[in-house]
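Observations on the three-dimensional arrangement
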Amino acid sequence: MSDTSKSNDAVWRDAEKVAAWAARSGERERARVLARQMMADLLPFEPQAEFSFVDLGAGTGAASRVILDRFPAASAVLADYSSEMMSEGARQLEGYEGRYRYVAIDLEAGRWPAELSGGLDAVVSSLCVHHLSDGRKQGLFSEVIERLRPGAWYLNYDPVKAEDPSVEEAWQAAHDRRDPAAAEKRADRSPEEQAHYENHIRHIIPLAPQLAFLRSAGFEAVDVYWKELDHVIMGGRRPFSGQ
Ligand SMILES: C[S@@+](CC[C@H](N)C(=O)[O-])C[C@H]1O[C@@H](n2cnc3c(N)ncnc32)[C@H](O)[C@@H]1O
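Counting restarts for each chain, with residues numbered from 1 along the sequence as it is written. Two thresholds apply to this predicted model, a pLDDT of at least 70 for residue-level local features and 80 or more for giving and counting side-chain atom pairs, whereas whole-chain, interface and lining totals are computed over all residues. Calculation of side-chain values draws on the structure's entire complement of heavy atoms; hydrogens and water are dropped beforehand.

**Some words on the nonpolar core**
- By size, the foremost hydrophobic cluster in this structure holds 34 residues, and its most contacted members are Leu56, Leu140, Val144, Tyr154 and Phe219.
- With near-sequence residues (within four places) excluded, Leu56 lies in contact with Ala79, Leu107, Trp112, Val123, Val124, Ser125, Ser126, Cys128, Leu140 and Val144. Nine residue types can take part in a nonpolar core, namely buried Ala, Val, Leu, Ile, Met, Phe, Trp, Tyr and Cys, and a core is a set of them joined through side-chain atoms within 4.5 Å. Here the term buried applies to any residue with accessible area under 20% of the maximum for its type, exposed to any over 50%, and partly exposed to those in between, with areas from a 1.4 Å probe on protein chains only. Any two residues having at least one pair of non-hydrogen atoms within 4.5 Å are treated as being in contact.

**Side note on the side chain of Arg136**
- Only runs of H or I of at least four residues qualify as helices and only runs of E of at least two qualify as strands under DSSP, and these elements are numbered from the N terminus. On the secondary structure map, Arg136 appears in helix α7 (residues 134–147).
- You can call Arg136 buried: its relative accessible area is 13%.

**Brief notes about the site of the ligand**
- Near residues are defined by distance, with any heavy atom within 4 Å of the molecule or strand qualifying the residue. Around the ligand sit 20 residues, and of these Gly57, Asp80, Asp106, Leu107 and Ser126 come closest.
- Contact distances for the ligand include 2.9 Å between a nitrogen atom and a backbone N or O atom of Leu107.
- In this description, accessible areas are obtained by the Shrake-Rupley approach with a 1.4 Å probe, and a residue is regarded as covered only by the protein chains that are shown. When the free accessible area of the ligand is taken as 600 Å², the share hidden by the protein chains comes to 97%. Side-chain atoms alone can form a polar contact between residues adjacent in sequence; in general such a contact is a pair of N or O atoms within 3.5 Å, and within protein one must be able to donate a hydrogen while the other accepts it.

**Quick word on the packing of aromatic side chains**
- The pairing test for Phe, Tyr and Trp rings, Trp by its six-membered ring, is centres within 6.5 Å, and the orientation test on the planes gives stacked under 30 degrees, edge-to-face over 60, and tilted for anything in between. Here the structure, examined in full by the defined rule, presents ten aromatic pairs.
- Look at Tyr157 and Trp226: their rings are 5.9 Å apart centre to centre, the planes differ by 80°, and that puts the pair in the edge-to-face class. Of this pair, Tyr157 sits in strand β5 (residues 148–159) while Trp226 sits in strand β6 (residues 220–228), placing them 69 residues apart in sequence.
- These aromatic residues form a ring-pair network of at least three members: Phe45, Phe51, Phe53 and Phe71.
- We call a charge positioned over a ring when the NZ of a Lys or the CZ of an Arg lies within 6 Å of the ring centre and within 35 degrees of the ring normal. Note that Arg13 overlies the ring of Tyr81, its terminal NZ or CZ placed 3.8 Å from the centroid.

**Thoughts on the pairing of strand β7 (residues 231–237)**
- With five of its seven residues buried, β7 lies for the most part within the structure.
- Paired strands are those between which DSSP finds at least two bridges. Alignment of β6 against β7, held across six bridges, turns out to be antiparallel. Its bridge partner being in β7, Val224 is matched across the sheet by Met234.
- Once β6 ends, the chain turns through two residues before running back antiparallel as β7, passing Leu229 with a positive phi of about 50°.

**Here's the deal with the environment of Glu184**
- Inspection of the secondary structure puts Glu184 in helix α9 (residues 181–187).
- C-alpha separation for the pair Glu184 and Gly61, spaced 123 residues apart in sequence, amounts to 31 Å.

**Focus on the packing of helix α4 (residues 33–42) against helix α5 (residues 62–70)**
- The angle between two axes is taken between their N-to-C directions and runs from 0 to 180 degrees, where each axis is a line fitted to C-alpha atoms and a helix contributes only its stretch in contact. Direction vectors running N to C along α4 and α5 enclose 50°, while the axes themselves pass 9 Å from each other. Judged by the angle between their axes, α4 and α5 are oblique. Like other packed secondary-structure pairs, α4 and α5 cross with a definite hand, here right-handed. Counted together, Arg36, Gln37, Met39, Ala40 and Asp41 of α4 and Ala62, Ala63, Val66, Ile67 and Arg70 of α5 form the full contact between these two elements.
- Residues are grouped as follows: Ala, Val, Leu, Ile, Met, Phe, Trp, Tyr, Cys and Pro are nonpolar; Asp, Glu, Lys and Arg are charged; every other residue, Gly included, is polar. In terms of residue class, the contact of α4 with α5 is built from six nonpolar, one polar and three charged. Under this scheme an angle from 65 to 115 degrees is roughly perpendicular, one under 35 degrees roughly parallel, and one over 145 degrees roughly antiparallel; angles in between are oblique. For any helix crossing, the convention is left-handed if the near helix is rotated counterclockwise from the far helix by under a right angle, and right-handed if that rotation is clockwise.

**Observations concerning the environment of Leu93**
- Here Leu93 lies in the loop between α6 (83–92) and β3 (100–104).
- Judged by its relative accessible area of 0%, Leu93 falls in the buried class.
- As a C-alpha pair, Leu93 and Thr60 span 33 residues in sequence and 7.8 Å in three-dimensional space.

**Regarding unusual backbone geometry**
- For Leu127, which is not a glycine, the phi torsion comes out positive at approximately 55°.
- Position of Leu127 relative to the elements: it lies in the loop between β4 (120–126) and α7.
- Positive phi is not limited to glycine here, since Ala221 has a value of about 55°.
- Residue position: Ala221 is located in strand β6.

Coordinates in, geometry out; function isn't part of it.
Rendered as C-alpha cells:
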C-alpha cells in the first residue's frame, strides 16, 4: 500500500473520523454554496432533462444533492472507496431514494467498475482529486474522458496551490479575515489535527499543471470556470468527434 493510500485511509475509512467530519459538514457547506451551485450551473442540461452523472469521490453526496435538486429528472452514481462515507451518505441522501446509487471505486488504483465503462452523460468530482498523487490525477482525467460520451463534460471542484508564495500569503490572509479564529486554530493544532492537515495538503498542486493534464487527456474547452482564492472549478468537454 502506498503512503498516499495509507494516509487517505486513516482519514476516510475510519468511522470515528468520518462521523466527526460529517458533524461539521453544515458549517463547511455554508461557505461552499456558490461553488456547489456553479457546478450545477455549468452542466449543460435543460432543467427537466433525464440524464445520469457520476460523482467521483462523492463522499456523503454534497455535490450530488445540489445537482439532483437542480435537475429533478437526473440520477446520480456516487463513486467512493469508503464504506464509512457511504453509510453516512445514505443518511444524508434519505430524500433521494431511487435517484442515486453508490458504487465502490478506489481512484488510486485506476480500476473502474464495469457499469461505468462508457457513455457517461457527465462526471463531476469535488474536494477529492487533491488526495491523489500527480500520476493518478493525470491517469484519472484520461480514464474520465474515455468514459464520457462525445460532447459530455467533466467538472472538478478542488483546492489548488499558489505558485507564488506572495499569492499563497494573500489567500491565507483573506481566509483569516473571514474567519479570524482560523489563524489561532492553525497555531494550536493537536498532533492529530496536524497529521490530518498534512494529509489534506500533500498532493495539492497548482492549477496550471492540472489544466495541462486535462488538455493532454484530450479535453477541449478546458478552463477555470469558477475561482475563489485557492478553490476552483476546472473542467472540459470530450470533443464531439475525433476521440
Ligand atoms: C473531502 S471528501 C469530499 C466528499 C464530497 N465529494 C464533497 O464534496 O463533500 C473526500 C472524499 O474522497 C474520497 N476518497 C479519498 N481517496 C479516495 C480514493 N482513493 N478512491 C475513492 N475515493 C476516495 C473519500 O472517501 C471522501 O469521501
